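Understanding the architecture of this molecule
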Amino acid sequence: MPVSSTAPQTAPENGRDALSVLHSVFGLSGFRGAQEQIVSHVTAGGNCLVLMPTGGGKSLCYQLPALLRQGCGIVVSPLIALMRDQVAGLIESGVNAAALNSSLTPQEASEVERRLIAGDLDLLYVAPERLVTPRCLSLLTQANVALFAIDEAHCVSQWGHDFRPEYVALSVIAERFPDVPRIALTATADELTRKEIVERLQLTDAPQFVSSFDRPNIRYEIVDKRNAVSQLKEFIRERHAGDAGVVYCLSRNRVEEVATALSDAGIPALPYHAGLDGALRSRNQDRFLNEDGIVIVATVAFGMGIDKPDVRFVAHLDLPKSIEAYYQETGRAGRDGKPSAAWMAYGLQDIVQQRRMIDESGASDEFKRVSVGKLDALVGLAETAHCRRKRLLAYFGETLRDESCGNCDNCVSPPRLRDGKVLAQKLLSCVYRTGQRFGAMHLIDVLIGRLTEKVTQFGHDKLTVFGIGRELNEKQWRTVLRQLVAMGHLQSDSEAFGALKLTESSRAVLRGETDIWLREETPGTRIRASRAKSRRGDLAPAASAPQGDVDPELRTRLRAWRSDIARERGVPAYVVLHDATIDGIVRAWPTTLDELRNVPGIGDKKLEHYGEELLRLVRTR
Ligand code: ADP
Ligand code: ZN
């Protein structure tokens, strides 16, 4: 719920009103959520902090006031790639925008500086380390500055995941330009980060506009990991053929292996990790941004600053470290508000591996304790039989009113639960009888009575627990085992890798004092393709209409044209037209420029540049 603004609602200095600029420049017909309040607050000269999820529409919150106020809006942005794409998009819409960063030659930089002083710029993106130089600060005093927007403001937080020391120095903005409005924006929600932003950027008295962190168009799905790569291939083939997506893996080797496996299966996939040659890495990133339907397989190094709006899925083949990380990474799907998926395959090994990484990290006990807590919260999300969205939002202190969101695997296809008391007792006795020294595989062999060499060697076929678990197969036992670890009734031994041992709570389970409900193992993808398709439209309100009544050929034609233009101009395809705009054209089937003008995303400049051409493409049948 936004903290409402108390600033006076004065008319914009140059008389243009926000809605008409929204329409003429951005081709949009209305504001979303708190945008309108924020725009009028900043346009009237107020400072504020904006917390909005990825895809929420933060850019407009400072771009529009910058256009409405006298002078140039200065945007602090941490990544060159992000600046480049934002500037390209603005120029496409007819805005006088530029960037100042290390990618410019000295000549190019002085040309930008000249335009700033001459009052020839509406928006200027500046890297933080550059902004705080004496040279740049003195330049800004000579210019007419409309506002300062500090994007990705959580980078000031020392405890956050994206700390950038150069952001700390940004406190100079408030000191040197106390009368210029400051707007700080972030998609990171937690309280501690928020406090740090307010302190460092001196926003103590400024209102905070806090949006819901729900991403209703993202469907969350977490499946039991078996053969993760084939599960992933099946997921892409059945549900996301031809879509752009990101696949996250923990290690570089794994990234390479998965990218190759996908390519071999005919899925256009490219690797991205810190070990790749720099040129190749940026080529892969550019192809992902500029071409349609590329899957990028990456370590977590990939993502921040990726503004691509039409990422249709984010897949995790390994467990992230925390719910924050999971939310951030999955949040890269569906910025454009269209239906998207967050899919993760997860198994016992993931918990064991992450635990080991924490144990072996050499960090302080305090840090380890916090890390284990964060991991446990994520495991809880992965294991829950209830709505995942509700759980995710609850972690960020937000309450989802409905019991069920209708757009996560557990809501779409509720898991079957069974009374697992006896199964748990069998498994825990098996751990106890075999001396708490063995891993999952061996324990299961003993339970289902498999006479392996190891079983005979240790005489485990003579134990009373040998063969007491024949009612389940190996796969099912793995699921039981994982859940008991997740519940904390079993834990991996930090001394003997892979071995499982009992915990404090095991005794009560063994005595039958604890109720245990277990979810049954899930198939590879829980939501079948047909089902997902038929429900798409009604599940995600921001989504495009059902695809049945439109001409798929026109869409293909428009996309091909868009790729050509993007290549010609050297900008990402989405900078030319968003998918949502293409879908809008396909649905509206405009025959006149006026009709085309009503499609969201078509502003004056796009109409002028591409209008006739688009109408011609629509007419070609
Ligand atoms: P954020 O920076 O918060 O991740 P963006 O500013 O990039 O989000 O906006 C995400 C998407 O939403 C963009 O495709 C943008 O065009 C679209 N968008 C933003 N505001 C509106 C609006 N008022 N109406 C329709 N689309 C909007
Ligand atoms: Zn749900």
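Residues numbered from 1 in each chain as written. Chains lettered and ligands numbered in written order. Predicted model: local features only at pLDDT ≥ 70, side-chain atom pairs only at ≥ 80, totals over all residues. Heavy atoms only, no water.

Things to note about the overall build of the protein chain
Rules: What counts as a helix is a DSSP run of H or I of at least four residues, what counts as a strand is a run of E of at least two, and both are numbered from the N terminus. Based on C-alpha atoms, the radius of gyration is set beside the globule rule, defined as 2.2 Å times the residue count to the power 0.38. Categorising residues by exposure relies on relative accessible area from a 1.4 Å probe, with only protein chains included: less than 20% of the type maximum marks a residue as buried, more than 50% marks it as exposed, and the intermediate range marks it as partly exposed. Contact between two residues is taken to exist if any of their heavy atoms lie within 4.5 Å; hydrogens are not considered. Computed by Shrake-Rupley with a 1.4 Å probe, the accessible areas treat only the displayed protein chains as cover when residues are assessed.
Regarding its fold elements, the protein chain presents 29 helices and 17 strands. Whereas a compact globule of 621 residues would reach a radius of gyration of roughly 25 Å, the protein chain reaches 27 Å, a difference of no more than 12%. For the protein chain, the spread of C-alpha atoms along the three principal axes comes to 90 × 60 × 50 Å. Taken over 621 residues, the protein chain has a buried fraction of 55%. By sequence separation, contacts in the protein chain at least 24 residues apart represent 74% of the contacts at least 6 residues apart. For the protein chain, the exposed surface amounts to about 27000 Å²; the carbon and sulfur share of it is 50%.

Topic: the site of ligand 1
Counted only if it meets this: Throughout, the term near means that a residue has one or more heavy atoms lying within 4 Å of the molecule or strand in question. Under this definition, polar contacts are N or O atom pairs within 3.5 Å; protein pairs additionally need one hydrogen-donor-capable and one acceptor-capable atom, and for neighbouring residues in sequence, both atoms have to be side-chain atoms.
Taken together, 15 residues lie near ligand 1, and Gly-30, Gly-55, Lys-58, Ser-59 and Arg-335 sit nearest. Note that a nitrogen atom of ligand 1 is positioned 2.9 Å from one of the side-chain N or O atoms of Gln-35. In the environment of ligand 1, an oxygen atom lies 3.1 Å from a nitrogen or oxygen atom belonging to the backbone of Gly-57. In the complex, 80% of the free accessible area of ligand 1, which totals 560 Å², lies under the protein chains. With 3 residues, the single largest contributor to the shell around ligand 1 is helix 3 (residues 58-68).

Regarding the pattern of salt bridges
Selection rule: Put simply, a salt bridge is a Lys or Arg side-chain nitrogen that is within 4 Å of an Asp or Glu carboxyl oxygen.
In total, this model carries 39 salt bridges according to the counting rule given. Residues joined in a network through salt bridges with shared partners are Asp-292, Arg-559, Arg-562 and Asp-579.

What about the packing of aromatic side chains?
For any pair of aromatic rings, geometry is given as the distance between the ring centres together with the angle between the planes. To keep things clear, this is the line we draw: In this scheme Phe, Tyr and Trp rings, the latter by its six-membered ring, pair at centre separations within 6.5 Å, and the angle between planes marks the pair as stacked below 30 degrees, edge-to-face above 60, and tilted otherwise. By the criterion adopted, a ring carries a charge over it if an Arg CZ or a Lys NZ lies within 6 Å of its centre and within 35 degrees of its normal.
A complete count under the given rule lists 9 aromatic pairs for this structure. Aromatic side chains Phe-438 and Phe-458 sit 5.0 Å apart centroid to centroid with 75 degrees between the ring planes, which places their arrangement in the edge-to-face category. One end of the pair, Phe-438, is in the loop between helix 19 (421-433) and helix 20 (440-447); the other, Phe-458, is in the loop between helix 21 (453-457) and helix 22 (474-487), with 20 residues separating them in the sequence. Between Arg-281 and the ring centre of Tyr-272, over which it is positioned, the NZ or CZ distance is 5.8 Å. Directly above the ring of Phe-288 sits Lys-308, whose terminal nitrogen or CZ lies 5.3 Å from the centroid.

Comments concerning the domain arrangement of the protein chain
To keep things clear, this is the line we draw: An automatic or database domain assignment supplies the start and end points of every domain.
When cut into domains, the protein chain gives domain 1 (18-210), domain 2 (218-412), domain 3 (417-519) and domain 4 (552-619). Taken over C-alpha atoms, the centre of domain 1 sits 56 Å from the centre of domain 3.

A few points about the sheet that holds strand 12 (residues 313-316)
Using the following cut-off: Only when DSSP finds a minimum of two bridges between them are two strands counted as paired. Orientation is described by axes fitted as lines to C-alpha atoms, over the contacting stretch for helices, and by angles from 0 to 180 degrees between their N-to-C directions.
Strand order in the open sheet formed by 6 strands is 8-13-12-9-11-10, with parallel pairing between adjacent strands. Edge strands, defined here as strands with exactly one partner in the open sheet, are strand 8 (218-224) and strand 10 (269-272). Each strand axis lies, on average, 15 degrees off the axis of its neighbour in the sheet, ignoring direction. Summarising the sheet, strand 9 (residues 245-248) and strand 12 pair through 4 bridges and their orientation is parallel. The partner of Gly-245 across the bridge, within strand 12, is Phe-313. In the packing of helix 14 (residues 323-330) onto the sheet, the strands contacted are strand 8, strand 9, strand 12 and strand 13 (340-346), and the crossing angle to strand 12 comes to about 145 degrees.

Things to note about the coordination of the zinc ion (ligand 2)
As a reminder of what qualifies: Any nitrogen, oxygen or sulfur atom within 2.8 Å of a metal ion counts as a donor, with the limit raised to 3.2 Å for Na, K and Ca, and since water is left out, coordination shells can look unfinished. Geometry is assigned from the angles between donors: four donors with all angles from 85 to 135 degrees make a tetrahedral site, four or six donors whose opposite pairs exceed 155 degrees while the rest stay between 65 and 115 make square planar or octahedral sites respectively, and everything else is labelled irregular.
Around the zinc ion (ligand 2), the donor atoms from the protein are Cys-387 (SG), Cys-405 (SG), Cys-408 (SG) and Cys-411 (SG), and they sit 2.3 to 2.4 Å away. Taken together, the 4 donor atoms coordinating the zinc ion (ligand 2) and their angles of 98 to 120 degrees define a geometry best described as tetrahedral. Counting gaps between the donor residues of the zinc ion (ligand 2) yields the pattern C-x17-C-x2-C-x2-C.

What about the packing of helix 20 against helix 22?
Put simply, the rule reads: Between 65 and 115 degrees an angle is taken as roughly perpendicular, under 35 as roughly parallel, over 145 as roughly antiparallel, and anywhere else as oblique. Left-handed describes a crossing in which the near helix is turned anticlockwise from the far one by less than a right angle; the clockwise case is right-handed.
Interaxial distance between helix 20 and helix 22 falls to 10 Å at its minimum, and their mutual angle equals 125 degrees. It follows from the interaxial angle that helix 20 and helix 22 lie oblique. Read as a crossing pair, helix 20 and helix 22 show a hand that is right-handed. Where helix 20 abuts helix 22, its residues Ala-440, Met-441, Ile-444 and Leu-447 lie against Glu-474, Trp-477, Arg-478 and Leu-481.

Brief notes about helix 13 (residues 278-290)
Applicable threshold: Multiplying one less than the number of residues by 1.5 Å gives the expected span of a helix. Within this analysis, the arc is defined by the directions that extend from the helix axis to the C-beta atoms.
In this model helix 13 runs 18 Å from its N-terminal to its C-terminal C-alpha over 13 residues, within 8% of the 18 Å that 1.5 Å per residue would give. When helix 13 is considered as a whole, its buried residues turn out to be Asn-284, Gln-285, Phe-288 and Leu-289. Buried residues in helix 13, looked at end-on, bunch into an arc of 135 degrees, giving them a common side. Close packing links the buried residues of helix 13 with helix 4 (80-92), strand 9, strand 10, strand 11 (295-298) and helix 26 (573-576).

What about the environment of Glu-471?
Summarising the element assignment, Glu-471 is placed in the loop between helix 21 and helix 22. What makes Glu-471 partly exposed here is its relative accessible area of 44%. Ignoring sequence-local partners within four residues, the contact set of Glu-471 consists of Leu-423, Lys-426 and Gln-476. Looking at Glu-471, its side chain comes within polar contact range of the side chain of Lys-426, at 2.7 Å.

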